[in-house]
Amino acid sequence: MMRLSLSLLLAATPALAENPAVPVFVPDTGGLTHSFTGEWEYMVGGGVAAFDCSGDAQPDLFLAGGTAPATLWRNDSIDGLAFHKIDSGAELTGVTGAWPLDFDSDGQTDLAVMRQGENVLLRGLGACRFERANEAWGFDGGQAWSTAFAATWEAGQSLPTLAVGNYIDPGEEAFPWGSCTDNWLHRPEGTRYGAPIALSPSFCALSILFTDWNRSGRPALRVSNDREYYKGGQEQLWHLDPGQPPRLYTEGEGWQRLRIWGMGIASHDLNMDGLPEYFLTSMADNKLQALKNPGDSPLLPRYDDVAFARGVHAQRPYMGGDIHPSTAWHPQFEDVNNDGRTDLFIAKGNVSAMPDFAQQDPNNLLLQRADGTFYEAGEAAGVASMLQARGGAVVDLNGDGWLDLVVVNRNGPTEIWRNTGLAPEAAPANWIALDPRQPAPNLHAVNGWVEVRANGVTQRREILVGGGHGSGQLAPQHFGLGAATEAEVRMIWPDGAADDWQRLTAGQVWRLPRGAAAEPATTPQE
Amino acid sequence: MFLTRRHVTGLLLSALAPLPTLAAPAHPRDAVAGQVLQTWYRLVLELVRHTATYSPPVAARAFACLGLTAWEVLAGLAPAARKSLAGQVTALTPPPAPDTAEGADPAAALHGALTVAIKHYFGNTGPTGQRAMRAMETRLAELAGEGLPPDTLTRSLEHGRDVALHIIAWARDDGGETIENMGFPLEWSLTDGPAHWVPTSKIVQQQAPLLPSWASNRPMAMARADACGLAAPPAYSEEPGSPFHIEAVEVYETVRNLTPEQKIIARFWSDDPMLSPTPPGHWISILLEIADRDALPVDRLADALARLGIAISDAFIACWQTKYQYDLLRPVTYIRRVIDKDWEPLLITPPFPEYPSGHSSQSGAAAAVLTAIFGENFAFDDATHEDDGLPVRSFSSFAAAADEAAVSRLYGGIHFRSAIERGLEQGACVGAAVNRLVTFQ
């Protein structure tokens, strides 16, 4: 061969295994109307929190509004989607994102609301009503441009440890570059939070996540930073040792310098080796990080970028003819076709008016093939919106076992697609959803691991609060099962204790109480 | 034409003939004009870093156009002392003259010119850059217009605007005006054979090399793109003991045994696009620091910015002509193929052919021009990357800085020695062409 064409070279990768079945998504806002609005001060953010605050086991939606008030929509779906806006006490302006969590372990889900200005913790009162809890919990909301949030429970604490990611100083008009505001770590002191600890140096975080990357039982804090604004910065991983100040992983410990336009983190054990991989959204090529040497002891946080090899680099629009590179925001790993292989959704959209990046930038829905590569199904599935997407949620809104999709767009309407499943002739696609619960604190077992054995493989998910872009979900952990009609399930709790395996039937949500047999959870239809 | 070492030495010596250090008679507003010029340029360094199309060759062209704009504004205000580069720089015609009967204020004229020029060259920057340009325009308008009669202010701004538009029109057909897909062709055929460049990154755009047609751009001071061409690099060979293999082993061993100082040097001159002001911006930053330290008169600064900009712009044209003539593979490709499949360079390997080193070529040109302006053994400190946490480095001369910039590519594992040494020689040749331009008379 005399000369090799680039287009042929690119077409040759990744490997072409049989393409997965594509689920059909139909637009269905269920009456929800909302926009995340604003100009420069709201070019990032625009998240959605999906969680049940009404007690009917269906995820309700809290949407960041930017210059407009945030809104909370009760989910009254039965088959088709239906939402009703309610007065929640959470109608704050300046909201960039929100994450749900039961901070005080009272059984009512609370909200961490990140803002352009003071961040607010909202205590859930039931019936989707909330009240400000900063003062009651001793939480200093600061006055920064906050864009990211994560939570974990440190041993012996009744309240979770919180990390807040902050962006640039909006007051720096002519020279904003290098003005990254410190991220904050909020550690509890008894039943209240102590003074925030600056996570210095900070490099304009847009996503932040406590994750047990090495399965040590002690989550570390991963921070994805926007290189557009930092100087001397890079991606970060912080040690969070009991009773010790947070401390950065160093090159000597294996951490490798990576500088991207970090915008979102998604985590999943894609290769089923018990260790999480990390997807990092950026501009142009996105990153999928897998440990270089997963067999080492001790493990070093050295990662290979396997995005190109597995076909998830998602570098430019796959339809619409815009040749410019993409801009990626909220990523989320979920199995949207219930074939037992986790898929990847990526919200896409131009920052604002960046002419060297795609203006017509469709969201990605990347379905995993049997060989571990991914197939772009955004257009075929019907979710290839060209609006300026930011945050999102892949979550079962109507309890039918098919994960639906919410996308928050900047200066455009929020879009919701209902997943209607596969064509009738498709292979069986069963599912199971698991809702672990343990006694207070940390009722929802954050940073515990759910394991599901079926079809000869073990799928695992770490229960996380954080990551994404401006968006978090507190919902049962969903697993596709393909042809399997039952699965073996067990929970590894955050303290490392593992329950026994138990066999459960597919097609429903199960409550997993610690140390006890699973119970069918109430489903919305009931 | 191919350069030989003897030939280059002759060029260097001719470049060292002292240039006049005259400046036009001082204008009472020169200090303000200098402030306007320096402040806009500080913003430009950030815009280069944060505008997606600004790879080093593109940045160099913008610096040349901006420098020319500033110089021609000031030349027009004192034609008896300052000589326009029209008629000297290729295809540049005389810019509009100011209304000499009424005069124009240098600070306001520079502000008028740079406002128009920077908005043009960075029209594609993102929303933060656009916001910063607006803020800077407002801030410097107050400074530049302070105390001026309204008609003088208007007249001065218009003069600056007219000169900027003249340079923009001149540059529009030089081949570098439009950058598609950040400079990476959508279709590209790799040259057959083991000696030739292949992609070194997993980034999709970088499966094709950067700006393969850049050498067809119109040079500014060089006669032609190949006026400073180079002989071929050592012939490709995988045979141990061959000149090519020896150079590869040198890169391999150097990177494996880097001293802390060598690591700092490699990172100091890394100057990655989108993470720094790029190699051209690094030299502009050096000049701005000197101007600040020595309170350089505004016309001498504008002269130096124009010459330096032209030199680095032409250096990239010359360099790119040679790069695509030989289309040589990068050390990482060869070393992994022949020596050690797991080898990692310290720096990110740039996505285009290896020979010669772009940083070496443009640093050689920059050093030649700045030496001609400021003299040999002109010591200075370089704090370009202080904000990024890298230490200030001190140099005894521009040549010493250029040598260090060049060898940093060996420490970084991204260039063979031939590319470094011959790159410096190529730069000296380009610098000599620029040094023939006359600005003060």
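Cut-offs and rules
Residues numbered from 1 in each chain as written. Chains lettered and ligands numbered in written order. Predicted model: local features only at pLDDT ≥ 70, side-chain atom pairs only at ≥ 80, totals over all residues. Heavy atoms only, no water. Salt bridge = Lys/Arg side-chain N within 4 Å of Asp/Glu carboxyl O. Buried < 20%, exposed > 50% of the residue type's maximum accessible area, 1.4 Å probe, protein only. Domains from an automatic or database assignment. Contact = heavy atoms within 4.5 Å. Buried area = accessible area lost by both parts, 1.4 Å probe. Helix = DSSP H or I, 4+ residues; strand = E, 2+ residues; numbered from the N terminus. Expected span 1.5 Å × (residues − 1). Pairing = 2+ DSSP bridges. Axes fitted to C-alpha atoms, helices over the stretch in contact; angles between N-to-C directions. Core = buried A, V, L, I, M, F, W, Y, C linked by side-chain atoms within 4.5 Å. UniProt positions renumbered as here; feature names shortened; annotations may be inferred. pLDDT = per-residue confidence, 0-100. Polar contact = N/O pair within 3.5 Å; in protein donor to acceptor, adjacent residues only side chain to side chain. Phe/Tyr/Trp six-rings, centres within 6.5 Å; stacked < 30°, edge-to-face > 60°. Lys NZ or Arg CZ within 6 Å of the ring centre and 35° of its normal.

Would you mind going over the pattern of salt bridges in detail, with residue names and values included?
Taken as a whole, this structure holds 48 salt bridges over all chains when the rule is applied. Notably, a salt bridge pairs Asp-241 of chain A with Arg-247 of chain A, separated by 3.2 Å at the nearest N-O pair. In this structure Arg-247 of chain A comes out as partly exposed when scored by relative accessible area, which is 40%. Across the pair Asp-294 of chain B and Arg-293 of chain B runs a salt bridge whose closest N-O atoms are separated by 2.7 Å. The structure contains a network of salt bridges with shared partners spanning Arg-218, Asp-241, Arg-247 and Glu-253 of chain A.

So what's going on with the domain arrangement of chain B? Residues and values would help.
It is common to give the size of an interface as the accessible area lost on bringing the parts into contact. Residue and element names in this part refer to chain B. Once the domains are mapped, chain B shows domain 1 (5-171) and domain 2 (181-440). The gap between the C-alpha centroids of domain 1 and domain 2 is 26 Å. Contacts between the two partners involve 54 residues from domain 1, matched on the other side by 53 residues from domain 2. Both sides together, the interface formed by domain 1 and domain 2 hides about 4,700 Å², and carbon and sulfur atoms give 71% of it.

An account of helix H13 (residues 398-411) of chain B is requested, with residue identities and associated values reported.
Residues and elements named next belong to chain B. Look at H13: 20 Å from first C-alpha to last across 14 residues, which is about the 20 Å you get at 1.5 Å a residue. Within H13, the full set of buried residues consists of Phe-398, Ala-401, Ala-402, Glu-404, Ala-405, Ala-406, Val-407, Ser-408, Arg-409, Leu-410 and Tyr-411. Just downstream of H13 lies Gly-413, where phi reads positive at about 80 degrees.

With reference to specific residues and values, describe the sheet that holds strand E28 (residues 374-376) of chain A.
Residue and element names in this part refer to chain A. Judged by pairing direction, the sheet is antiparallel, and its four strands sit side by side in the order E25-E26-E27-E28 without closing on themselves. The open sheet terminates on both sides in strands that have one partner only, identified here as strand E25 (328-334) and E28. Ignoring strand direction, the axes of neighbouring strands in this sheet form an average angle of 20 degrees. Sheet topology places strand E27 (residues 364-368) next to E28; three bridges connect them, and they run antiparallel. Residue Leu-366 lies in a different strand from E28, and its bridge partner there is Glu-376.

Quick one: what's the story with the nonpolar core, residue by residue and with numbers?
Counting 159 residues, the largest nonpolar core has Leu-37, Phe-122, Trp-283, Ile-310 and Phe-398 of chain B as the members making the most contacts within it. In terms of residue count, the dominant contributor to this core is helix H10 (residues 298-326) of chain B (18 residues). Contact partners of Phe-122 of chain B, with chain neighbours within four places excluded, come to Val-44, Leu-47, Val-48, Thr-51, Tyr-54, Leu-66, Gln-130 and Met-133 of chain B. Core analysis: the second largest hydrophobic core is formed by 34 residues, Leu-63, Val-113, Phe-130 and Leu-397 of chain A among them.

Can you tell me about the UniProt feature "domain: ASPIC/UnbV" (unreviewed entry) in chain A, naming the residues and giving the values?
Taken from the UniProt record, the annotation "domain: ASPIC/UnbV" (unreviewed entry) applies to residues 445-510 of chain A. The distance from the first to the last C-alpha atom of residues 445-510 of chain A is 15 Å, and the span holds 0% helix and 55% strand.

Tell me about the confidence of the model for chain B, residues and numbers included.
Residue and element names in this part refer to chain B. Put simply, chain B has an average pLDDT of 93, and 94% of its residues get 70 or more. Under a pLDDT of 50 for its full length, residues 1-21 has, in the predicted model, 38 contacts with residues more than four places off or in other chains. Taken together, the chains of this predicted complex give a pTM of 0.93 and an interface ipTM of 0.88.

Got a sec to walk through the side chain of Asp-339 of chain A? Specific residues and values, please.
Its place among the elements puts Asp-339 of chain A in the loop between E25 and strand E26 (343-348). In this structure the side chain of Asp-339 of chain A is engaged in a polar contact, spanning 2.9 Å, whose partner is the backbone nitrogen of Arg-341 of chain A.

Lay out the interface of chain B and chain A with the relevant residues and their values.
Listed by partner, the interface residues are 45 residues for chain B and 46 residues for chain A. Summed over both partners, the interface of chain B with chain A buries about 4,000 Å², with 57% contributed by carbon and sulfur atoms. On inspection of chain B and its partner chain A, the count reaches five salt bridges. With a shortest N-O distance of 3.8 Å, Asp-387 of chain B and Lys-231 of chain A are connected by a salt bridge.

I'd like a description of the packing of aromatic side chains, backed by residues and values.
One pass over the structure, following the stated rule, counts 32 aromatic pairs over all chains. Residues Trp-261 of chain A and Phe-357 of chain A carry aromatic rings whose centres are separated by 6.2 Å and whose planes lie at 80 degrees to one another, so their mutual orientation is edge-to-face. Residue Trp-261 of chain A is located in the loop between strand E20 (247-248) and strand E21 (264-268), and its partner Phe-357 of chain A is located in the loop between E26 and E27; the two are separated by 96 residues in the primary sequence. Judged by its relative accessible area of 2%, Phe-357 of chain A falls in the buried class. Between Tyr-326 of chain B and Tyr-355 of chain B the ring centres are 5.7 Å apart and the planes differ by 70 degrees, which places this aromatic pair in the edge-to-face class. Of this pair, Tyr-326 of chain B sits in helix H10 while Tyr-355 of chain B is found in the loop between helix H11 (331-339) and helix H12 (358-374), placing the two residues 29 residues apart along the sequence. Tyr-326 of chain B gets classed as buried once you look at its relative accessible area, which sits at 15%. In textbook terms, an aromatic cluster arises when at least three aromatic residues are bridged by ring pairs, as seen for Phe-268, Trp-269, Trp-283, Phe-374, Phe-378, Phe-380, Phe-395 and Phe-398 of chain B. The residue whose ring lies beneath Arg-222 of chain A is Tyr-278 of chain A, and the NZ or CZ to ring-centre distance is 4.5 Å. Above the plane of the ring of Trp-261 of chain A lies Arg-227 of chain A, whose end atom (NZ or CZ) is 4.0 Å from the centre.

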